[in-house]
Amino acid sequence: MPLDQEFEQEEEGTGQEMSFIGHLEELRWHVIRAVGSILVFAILAFVYIKEIYHYVIIAPSQPHFWTYRMLCLLSEKVGYDELCVKELNFKLQTIGMGDQFTMSMTSAVIAGLIFAFPYAFWEIWRFIKPGLKASERQSARGAVFYVTFLFFSGVLFGYFIVTPLAINFLANYTLDESIINEFSLASYISLVSTLTLACGIAFQLPIVVFVLSKVGVLTPSFMREYRKHAMIVILIVAAVITPSPDIYSQILVAIPLLLLYEVSILVSRKVEREKLREEKAMQGPL
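Worth saying up front: this structure is predicted, and the values here are computed from it rather than measured. (Residues numbered from 1 in each chain as written. Predicted model: local features only at pLDDT ≥ 70, side-chain atom pairs only at ≥ 80, totals over all residues. Heavy atoms only, no water.)

### As for the packing of aromatic side chains
To describe a pair of aromatic rings, one takes the distance between the centres and the angle between the planes.
Consideration 1: In the structure shown here, the tally under the stated rule is 17 aromatic pairs.
Consideration 2: Judged by centre distance (5.6 Å) and plane angle (75°), the rings of Phe 151 and Phe 152 are edge-to-face.
Consideration 3: Classification of Phe 151 by relative accessible area gives buried; the value is 6%.
Consideration 4: Here the aromatic residues Phe 65, Trp 66, Tyr 68, Tyr 159 and Phe 160 are joined through ring pairs into a cluster of three or more.
Consideration 5: A cation over a ring is seen here: Arg 28 above Trp 29, with NZ or CZ 5.0 Å from the ring centre. (Phe/Tyr/Trp six-rings, centres within 6.5 Å; stacked < 30°, edge-to-face > 60°. Buried < 20%, exposed > 50% of the residue type's maximum accessible area, 1.4 Å probe, protein only. Lys NZ or Arg CZ within 6 Å of the ring centre and 35° of its normal.)

### A word on the side chain of Ser 193
Consideration 1: In this structure, Ser 193 sits in helix H8 (residues 185-202).
Consideration 2: Owing to a relative accessible area of 13%, Ser 193 belongs among the buried residues under this scheme.
Consideration 3: A distance of 3.3 Å separates the side chain of Ser 193 from the backbone oxygen of Ser 190, its partner in a polar contact. (Helix = DSSP H or I, 4+ residues; strand = E, 2+ residues; numbered from the N terminus. Polar contact = N/O pair within 3.5 Å; in protein donor to acceptor, adjacent residues only side chain to side chain.)

### Points about the packing of helix H2 (residues 20-47) against helix H5 (residues 99-128)
Consideration 1: Viewed as axis vectors pointing N to C, H2 and H5 meet at an angle of 140°, and their least axial separation amounts to 6 Å. With respect to H5, the axis of H2 lies oblique. Considering the relative orientation of H2 and H5, their crossing is right-handed.
Consideration 2: Among the residues forming the contact of H2 with H5, the class breakdown is 20 nonpolar, five polar and four charged. (Axes fitted to C-alpha atoms, helices over the stretch in contact; angles between N-to-C directions. Parallel < 35°, antiparallel > 145°, perpendicular 65-115°, else oblique. Left-handed = near helix turned anticlockwise from the far one by under 90°. Nonpolar A, V, L, I, M, F, W, Y, C, P; charged D, E, K, R; others polar.)

### Brief notes about the confidence of the model for the protein chain
Consideration 1: Averaged over all residues, the pLDDT of the protein chain is 86; the fraction at 70 or higher stands at 91%.
Consideration 2: Segment residues 1-16 is flagged for pLDDT under 50; beyond a separation of four residues in sequence, or across chains, it makes 28 contacts in the model. (pLDDT = per-residue confidence, 0-100. Contact = heavy atoms within 4.5 Å.)

### Description of the nonpolar core
Consideration 1: Ranked by internal contacts, the top residues of the largest apolar core, which has 44 residues, are Tyr 53, Tyr 68, Phe 157, Tyr 188, Ile 189 and Val 253.
Consideration 2: Listed by contribution, the elements that provide at least two residues to this core are helix H3 (49-57), helix H4 (66-78), H5, helix H7 (143-172), H8, helix H11 (227-241) and helix H12 (247-283).
Consideration 3: With nine residues, H7 is the single largest residue contributor to this core.
Consideration 4: Sequence-distant contacts of Tyr 53, defined by excluding residues within four places in its chain, comprise Ile 58, Ala 59, Met 103, Ser 104, Ser 107, Leu 185 and Ile 189. (Core = buried A, V, L, I, M, F, W, Y, C linked by side-chain atoms within 4.5 Å.)

Structural data, given as structure tokens:
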């Protein structure tokens, strides 16, 4: 009997319980399929790695990148010329013989991780879902969609907003005019991938709040009470991930994070209402 069917029978109360080893075996196959999907997408990314580098990875290092063009348009409207990015004062270089090949493989794996995320998460969710109660399954409907949507929203936000702002600041920051900025390809890839993936993870805040609200750690009243504190923390985070002292750049980063916090309050309130309805339903016959 397939392991998936055996797991379902356990939850449906057929009396057939899966052993601990059986659960580990089930988890192992889900992980193997998730990792396999990442490898498949990584191989595909490696095949088209030159196109990915030219149109995606290296793009934020060019002054004609979409974000910089939008900042120039914004600078014209607000009358703040420093917003417009006209040049990026740095060059990328590799020193080791195999650096370009090594970084192409690293970039392919990162791209594979990003593109395979929906399927990889779906595999892990398939393992977790049968262990939930019926009410918990109902509350968690659409989990794969929401997690994937938030992840890709964060990745796009990190790629188009946070990364260009960070590159612009670091590229044009100099201690002395005699110093030439020649960054290694590895450090550039590290910056782009770290900021992009970090934003993808940070955008999971509503999901984290949903889980914490389910277990009773967070409540909407608590989040509303500490909203001002959260805003201060968000502004600090925005200042950290956008090292530019430009207030407009920090606002561009802070606004989506503030919206995520407000959405998280709504999520927590929905969870609280569901709990109250369940309690009333249980007390009804009494």
